[in-house]
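# Structure assessment
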Amino acid sequence: MSYEQGEDLSRLGTEASSPRTAHIDEMGTVEALEAIPAIAAVVDAAHERMGRGGRLIYMGAGTSGRLGVLDASECPPTYGVSPDLVVGLIAGGPEALVSAREGAEDDASAGAADLDAIGVNETDVVVGRSPAPRGRSCPPMPTSPSSVPSGPSPSPARPACARARPRSSSAT
């Protein structure tokens with residue numbers, strides 16, 4: 001399902017404010033993770049898999065993809081880690097960093113090809129960054145014929161996959 005300009009999104013529970021996160025900007029890390037159990041599960045999966053040599057891989061389109069690439073590019077100088085540890089992929093390829101590539105987010109086969117190109121495996125954690133829950137944040141993985149569900153992978157044969165949605169500036 002794609003977003004249409006002017007579409008009423010208020011009927012979607014995912015677009016509503018949550019009392020658990022109303023003051024997340026004032027919470028400590030542990031408290032914030034407890035407020036959003038799915039995020040805590042992703043952090044746990046990332047810690048475990050990266051401890052086994054896996055990578056954190058951000059995927060996204062538009063601004064969300066750009067922010068993932070930006071975060072990945074800042075990890076080596078900020079934390080002294082290998083540039084291969086945190087990877088950023090943007091729908092539409094590197095050109096999409098500086099120029100909009102409309103429709104690139106709808107090409108699941110291109111997303112799977114991007115993951116194939118970097119050799120994604122069962123120790124990796126793939127985080128799909130999307131401004132809306134309807135985005136194809138987690139494309140079909142090259143290691144499986146079916147789409148990877150949101151949340152930690154139920155099978156060690158597939159990378160963990162999660163959706164990360166930036167907090168709206170209008171959220172309270």
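Everything numeric here is computed off the predicted structure, so don't read it as measured data.

### Some thoughts on the pattern of salt bridges
Applying the stated criterion across every chain, the model contains two salt bridges. Notably, a salt bridge pairs R52 with E48, separated by 2.5 Å at the nearest N-O pair. By relative accessible area, R52 is classed as partly exposed at 47%. The salt bridge involving D124 is made with R55; its shortest N-O contact spans 2.7 Å. Here D124, found in the loop between α4 (108–117) and β3 (125–129), pairs with R55, found in the loop between α2 (37–51) and β1 (56–60); they are 69 residues apart in sequence, far enough to count as distant. Exposure class is identical for D124 and R55. Each is buried.

### Re the side chain of R55
Given the relative accessible area of 14%, R55 is considered buried. Side-chain polar atoms of R55 contact the backbone oxygen of I118, separated by 2.9 Å. Reaching out from R55, the side chain makes a polar contact with the backbone oxygen of G119 at a distance of 3.2 Å. Beyond its immediate stretch of four places on either side in the chain, R55 contacts M50, D84, L85, V87, I118, G119, V120, N121, T123, D124 and V125.

### Re the packing of aromatic side chains
Within this structure, the stated rule accounts for zero aromatic pairs. If you follow R129 out to its NZ or CZ, it ends over the ring of Y58, 6.0 Å from the centre.

### Some words on α2
When the terminal C-alpha atoms of α2 are compared, their 21 Å separation across 15 residues agrees well with the 21 Å that a helix rising 1.5 Å per residue should span. Residues of α2 that are buried include every one of V42, A45, A46 and R49, and no others. Angular distribution of buried residues about the axis of α2 spans 100°; they occupy a single face of the element. For α2, the exposed residues lying more than 90 degrees away from the buried face are D44, H47 and G51. Taken from the residues just after α2, G53 is the one with a positive phi, measuring 95°.

What counts as what
Residues numbered from 1 in each chain as written. Predicted model: local features only at pLDDT ≥ 70, side-chain atom pairs only at ≥ 80, totals over all residues. Heavy atoms only, no water. Salt bridge = Lys/Arg side-chain N within 4 Å of Asp/Glu carboxyl O. Buried < 20%, exposed > 50% of the residue type's maximum accessible area, 1.4 Å probe, protein only. Helix = DSSP H or I, 4+ residues; strand = E, 2+ residues; numbered from the N terminus. Polar contact = N/O pair within 3.5 Å; in protein donor to acceptor, adjacent residues only side chain to side chain. Contact = heavy atoms within 4.5 Å. Phe/Tyr/Trp six-rings, centres within 6.5 Å; stacked < 30°, edge-to-face > 60°. Lys NZ or Arg CZ within 6 Å of the ring centre and 35° of its normal. Expected span 1.5 Å × (residues − 1). Arc of directions from axis to C-beta.

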